[in-house]
Amino acid sequence: MKTSTHFKKNLLAGLIGTAVTSLVALPGTSFAQAAYATLRGKAAPNTQVTAVNPATGSTRQTTSSADGSYAITGLQPGTWRIDAGPGTAQTVTLTVASTSTLNFTSAAPSAANAVTLGGVTVTASVLPDVTTPEVGSTVSLHQIDTIPQLTRNFLEFADTVPGMVFSVGSNGNTSLRGGAQNDASTNVYIDGVGQKSYLFGGPSGQFATQGNPFPQLAIGEYKVITSNYKAEYGQISSAAVTAQTKSGTNEFHGEVFGRYTSDKYRARTPSENAANKKTPSDEKEFGFALGGPIVQDKAHFFITYEGKRFDRPITVVPAADAVPAIPGLPADIASQFGPANIPFTENLYFGKVDWEPTDRDRFELSAQIRKEDQSGGIGGQNAKSASFSVVNDDKRYDLRWQHSGYSYFNELLATYEDSNYAPTALNYGNGAIYTYQPAANQTATLINTGAANPLATQNKGQKGPAIEDNLTFNDLQWHGDHVIKLGVKQKWVTLHSADAADVNPQFYYDVTPTGTNAQPYQVFFTKPVTGLGLSPTVTTKDKQFGAYIQDDWAINEHLILNLGVRWDYESTPSYLDFVTPANVVAAFNSQDPNAPAGQTYAQSLAKGGIDVNDYISNGHNRSAYKGEWQPRLGFSYDIDADQAHVIHGGAGRSYDRDLYNYLQLETTKAALPQFRFYFADPVTGLCYQGRTPCVPFDPAYLNGLSNVQQLASASNAGTEIDVLNNHLKAPYSDQFSIGMANRLGDWQTDATVTRVISHDGFAFTLGNRYPDGSFWKNASQPWGNGVPGFGSLIVGNNGIGTRTTQVLLSATKPYTPESRWGATFAYTYTDAKQNRDINEHYAFDAATIQDYPYILSNAAAKHRFVATGVIDGPWGITVSAKLTLATPIPFNGFACYSGASGQLFPSGSRCAPYGTEPQGNGKFLLGGKIFGYRSVDFQATKHFDVHGLDFYGRLDLMNAFNFKNYSDLMFPNNTIGTLSPVTYNPTGNITFVPRTIKFEIGMKF
């Protein structure tokens, strides 16, 4: 029965008031964004509107209001037949995480698309989501199936959206970045469930891996939102990707495929050209999918598996500013530069069962399992001898119940996750690191050899359940039509982290262009604390809570307001309850051995702006941050009320989180301290760059870990002390956008300007100070002024920031069977500044992170252009192409005054952070060498019908013109006045791949 207007007005007012009151009262984190679609529009007043999915039999109903407005939410993305009475039926396709408009009072949309759903072919029109303030776009299943692809990682297609960059590093590891923030700031939602890694950030399992977060065969389509997402998105400050998985239908359908390439089908890498030999490599990918009915129109299943077996080439090269010292390396060490390879294995599984016992209820149970083994730590400055093996597993299970009524939709979701990342050293013994001093007090790494650093052996993970509820009211009127969505989520996550192992001391050797010092100048090692009950593995039961309310308010046929607010809260006991060891507190309050009598080390720190009381924890003086209020405001104005020209914009705040990979260090380093000792030069008696503790060298230190650990047997000297601020906040970004979307015939265009300012990123800085509080003196840092009786003081604070303005232009002509072709064009202009290298969270070159200047960001190219095109050719052949062009990614390093000049920066240092754009390494068609990245890729697929089965053969030609997309940089002279340009290393690593052919065969039914 139709709800009264008076009741609905009271309900609307009550919802808003209750939600605001509840958000204030709740102890308060993240919320999972639903991937389903909403359909709204106009029909005859007081008319039943029915939506039927012809592939599954799923049915949803609502009743239009007195003014004819209606809304149906909770619709699975796909094709639906919608009717509002006899003779009104229309078949439309709804996209993931969209709000689309269908008016029965106007002419029916063009039915040009033939959409195949598991053997059921229906003619339907795709309803675009154009009246949204969100900045982003949808990647369709047709694009996933036809665009040239290297990785079979479904996120690879996200770079067809302006503002997004999907990268394949020289080691084959993939990453997805939005705007000018780092990879950790993104989040991926699978069927509405966030995949966030609370240890490393970004999607769980995607830290330093060649693997995929999810089997591509299971992805139906996904939406990429680069900024101004609605309030239901949580734990994110950059881009959001929300994907919908495939489901079974009323007909059985399936697919099987195999993919292959090897060194026989690729060009040489630059380092292989220099060595005049090819490193053996091969890649195998394979999988299958099967779906169908359990009970017609009621229950269905879908299962899939994908596997990878890789052996990829990589190159070992020195750091950019260490190149001048290469001639001084011993021959056996220099020989470890050049080509190497990285083995990798992955198995992905996904299964889903859905059941609709009534036309109002839908149950889904799904499971995803990921298992990986790979070698890590090879390439860049790391020789293969210093590598480690990695086990990377991720398991997730979801159970949901969706219940729909005429005027509401509710989703109850229970989830469980178990993710583990465990690298282990490949070799055991001594590690040898060869370094060069490009300027006073500067150190650059040439190469890491021997056994892997003890920090390379780790065991980190997260597991636990969550429960959430989303409630949507879709039939509320007050000065227009409202769709109000609100929800809460509670999550219990057990986090564990072992950050190092008691193995493999690391010895450092100083190299000059004329030779290598035979005696190491430094040793780094670990030594467990015994007798105090401490463990090098920390485990904590993290609690997260989140709540939000979102109102999509259609004031009239022109103007829609999107008004939302969310609040997140997180409690991490291992941080909140940590007690600073008594001997460390005592050391802070003891005599500073470098200061006048009576001056404590705490007083020396205070003179340098560090109050030790901000970092000493007694287990009761820390509290979880409660200020994560996040308003999300947006609008869209449809000029002619026909979705042809829509102005959109918005502003909002979004919080992420302090990663546990950093928070845990305060605890784990107390149990397994890390020591650094410096060895006195036998001639001068001085230690490297004046650092302490400075001890005589004994050759016996090279003959076993226990020997070198004797350096730390009598005291805590050399023990690094890591402390965290007692008042840490969560990092966040403020996002603003204004733009216009236009429909020009079959084309959809958009032009948007965004401004994103991020705050409070986490960083570790050097806490050491001279007795007078200074951080620089005579162009030297206080490395010798660590905590009395210990080693250096490392302090953790918020403070990393970015400031980014982007111009995002796109034009899309969707593929339709009628036209037989489609195309996309995406251009991004980026002006970004940051106060720390995007890849670094350690900042030891200034007293505080706030002292770092904002310089050119190395997160994004200034100009980036991506175009794709697909066409159905003759003889059942589909051909597609992709063009990617980008100017060089900026370089972040240091520019220094020469020691002879006597000049210093105001900070007292000879060096200052320096950002510049490297010289381009190539041109495209016209103009000069302005690009840092170029790739032209092709794909061709031929289908064969054999007794009703669709067999196909596919060929992907990646980087067809073999452009050298160098990634290693050289900066041989960083002296101010004679600065050399930053250039690419012509024999170093490359991003993406050399020209490569991939072969694929498969069958669908």
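Residues numbered from 1 in each chain as written. Predicted model: local features only at pLDDT ≥ 70, side-chain atom pairs only at ≥ 80, totals over all residues. Heavy atoms only, no water.

Attention shifts here to the overall build of the protein chain. The helix and strand inventory of the protein chain stands at ten helices and 54 strands. The C-alpha radius of gyration of the protein chain comes to 30 Å, within 12% of the 30 Å expected for a compact globule of 1005 residues. By residue count, 60% of the 1005 residues in the protein chain fall in the buried class. Separation of charge centres in the protein chain, based on 74 positive and 84 negative side chains, amounts to 3 Å. (Helix = DSSP H or I, 4+ residues; strand = E, 2+ residues; numbered from the N terminus. Rg over C-alpha atoms; globule rule 2.2 N^0.38 Å. Buried < 20%, exposed > 50% of the residue type's maximum accessible area, 1.4 Å probe, protein only. Lys, Arg positive; Asp, Glu negative; His and termini not counted. Charge placed at Lys NZ, Arg CZ, Asp CG, Glu CD.)

Turning our attention to the pattern of salt bridges. When charged atoms on two side chains of opposite charge get close, those side chains can pair. Counted under the stated rule, the structure contains 41 salt bridges. Glu666 is paired through a salt bridge with Arg622; the nearest N and O atoms lie 2.8 Å apart. Residue Glu666 is located in helix 9 (residues 665-671), and its partner Arg622 is located in the loop between helix 7 (601-607) and strand 33 (628-638); the two are separated by 44 residues in the primary sequence. The class for Glu666 is buried, based on a relative accessible area of 3%. A single network of salt bridges, built from pairs that share partners, joins Arg259, Glu283, Glu285, Lys308, Arg312, Arg954, Asp956, Lys998 and Glu1000. (Salt bridge = Lys/Arg side-chain N within 4 Å of Asp/Glu carboxyl O.)

On to the UniProt feature "domain: TonB-dependent transporter Oar-like beta-barrel" (unreviewed entry) in the protein chain, then. Here, UniProt's "domain: TonB-dependent transporter Oar-like beta-barrel" (unreviewed entry) annotation points to residues 245-318 and 339-876. Annotated as 8% helix and 58% strand, the span residues 245-318 places its first and last C-alpha atoms 43 Å apart. (UniProt positions renumbered as here; feature names shortened; annotations may be inferred.)

What follows is about the state of the cysteines. Note: disulfide means a covalent bond formed between the sulfur atoms of two cysteine side chains. For the structure shown, the criterion picks out two disulfides. Sequence-ordered numbering of the bonded cysteines in the protein chain yields a pairing of 1-2, 3-4. (Disulfide = S-S within 2.5 Å.)

Within the largest apolar cluster, 35 residues are counted, with the highest numbers of intra-cluster contacts made by Phe154, Ile219, Tyr222 and Val241. Looking at this core, the elements that each hand over two or more residues are strand 11 (164-168), strand 13 (187-190), strand 15 (219-227), strand 16 (240-245) and strand 51 (949-958). Beyond its immediate sequence surroundings of up to four residues, Ile219 is in contact with Leu141, Ile144, Phe154, Ile190, Phe214, Ala243, Gln244 and Lys246. By size, the runner-up hydrophobic cluster in this structure holds 33 residues, among which are Tyr198, Leu724, Trp776 and Ile794. (Core = buried A, V, L, I, M, F, W, Y, C linked by side-chain atoms within 4.5 Å. Contact = heavy atoms within 4.5 Å.)

Strand order in the open sheet formed by three strands is 4-1-7, and the pairing between neighbours is mixed. Each edge of the open sheet carries a strand with a single partner, namely strand 4 (69-75) and strand 7 (99-101). Within this sheet the neighbouring strands show an average axis-to-axis angle of 20 degrees, counted without direction. When strand 1 (residues 37-42) meets strand 7, the two strands line up parallel, connected through three bridges. Bridge pairing in strand 7 places Leu39 opposite Ser100. (Pairing = 2+ DSSP bridges. Axes fitted to C-alpha atoms, helices over the stretch in contact; angles between N-to-C directions.)

Moving on to the packing of aromatic side chains. Under the definition given, this model contains 47 aromatic pairs. Aromatic side chains Phe200 and Phe207 sit 4.1 Å apart centroid to centroid with 5 degrees between the ring planes, which places their arrangement in the stacked category. Overall, the relative accessible area of 12% leaves Phe200 in the buried class. Members of the aromatic cluster, connected to one another through ring pairs, are Tyr662, Phe762, Phe764, Trp783, Tyr842 and Phe844. Taking NZ or CZ as reference, Arg691 lies 4.4 Å from the ring centre of Trp783, over its face. (Phe/Tyr/Trp six-rings, centres within 6.5 Å; stacked < 30°, edge-to-face > 60°. Lys NZ or Arg CZ within 6 Å of the ring centre and 35° of its normal.)

The subject of this paragraph is the side chain of Glu285. Mapped onto the fold, Glu285 is located in strand 18 (residues 282-295). What makes Glu285 buried here is its relative accessible area of 3%. Here Lys308 takes part through its side chain, which lies 2.7 Å from a polar atom of the side chain of Glu285. Those residues in contact with Glu285 that lie beyond four places of it in its chain are Leu150, Thr151, Arg152, Phe257, Gly258, Arg259, Gly307, Lys308, Phe310 and Lys998. (Polar contact = N/O pair within 3.5 Å; in protein donor to acceptor, adjacent residues only side chain to side chain.)

It is worth spelling out the sheet that holds strand 13 at this point. Strand order in the open sheet made by the five strands is 10-15-16-13-14, with mixed pairing throughout. Pairing within the sheet leaves two strands with one partner each, and these edge strands are strand 10 (135-139) and strand 14 (193-194).

Let us look at a nonpolar patch on the surface. Together, Phe252, Phe944, Val946, Leu949, Phe951 and Phe1005 line one region of the surface with nonpolar side chains, adding up to about 520 Å² of accessible area. Elements with a contribution of two residues or more to the nonpolar patch: strand 50 (933-946) and strand 51. Phe944 sits in the partly exposed class, given a relative accessible area of 43%. (Patch = residues over 30% accessible without salt bridge, like charges linked within 9 Å, V, L, I, M, F, W, Y side chains within 5 Å. Areas by Shrake-Rupley, 256 points an atom, 1.4 Å probe, with all protein chains shown as cover.)

It is worth spelling out the pairing of strand 51 at this point. Two strands pair when backbone bridges link them, and strand 50 and strand 51 are joined in this way by nine bridges, in the antiparallel orientation. Bridging from a neighbouring strand, Ala940 pairs with Leu955 of strand 51. Counted between consecutive antiparallel strands, the loop separating strand 50 from strand 51 contains two residues, among which His947 sits at a positive phi close to 55 degrees. The sheet contact formed by strand 51 and strand 54 (residues 996-1004) spans nine bridges and is antiparallel. Of the residues in strand 54, the one forming a bridge with Arg954 is Glu1000.

Here we take up unusual backbone geometry. Residues Thr692 and Pro693 are joined by a peptide bond in cis, for which omega reads 0 degrees. The residue Pro693 is located in the loop between strand 35 (674-679) and strand 36 (694-695) in this model. If you check the backbone angles, Gln689 has positive phi at about 55 degrees while not being a glycine. Despite not being glycine, Asn778 has its phi angle at roughly 55 degrees, a positive value. Tracing the backbone shows Asn778 in the loop between strand 39 (747-766) and strand 40 (793-813).

What follows is about the pairing of strand 12 (residues 174-178). On any regular strand, side chains alternate: one points to one face of the sheet, the next to the other face. Of all five residues in strand 12, four are buried; the element is thus mostly enclosed. Here strand 11 hands over to strand 12 after five residues, with Gly172 in that stretch at a positive phi of 85 degrees.

Moving on, we come to the side chain of Asp361. By the element assignment, Asp361 lies in strand 21 (residues 361-376). The side chain of Asp361 is buried and forms no salt bridge, while Arg360, the nearest opposite charge, is found at 7.1 Å. Among the polar contacts listed, one links the side chain of Asp361 to the side chain of His403, at a separation of 2.6 Å. Ignoring sequence-local partners within four residues, the contact set of Asp361 consists of Trp355, Glu356, Trp401, Gln402 and His403.

Within the fold, Phe944 resides in strand 50. Through-space distance from the C-alpha of Phe944 to that of Ile877 is 9.6 Å; in sequence the pair is 67 residues apart. Excluding its chain neighbours within four sequence positions, the residues that come into contact with Phe944 are Leu949, Asp950, Phe951, Tyr952 and Gly953.

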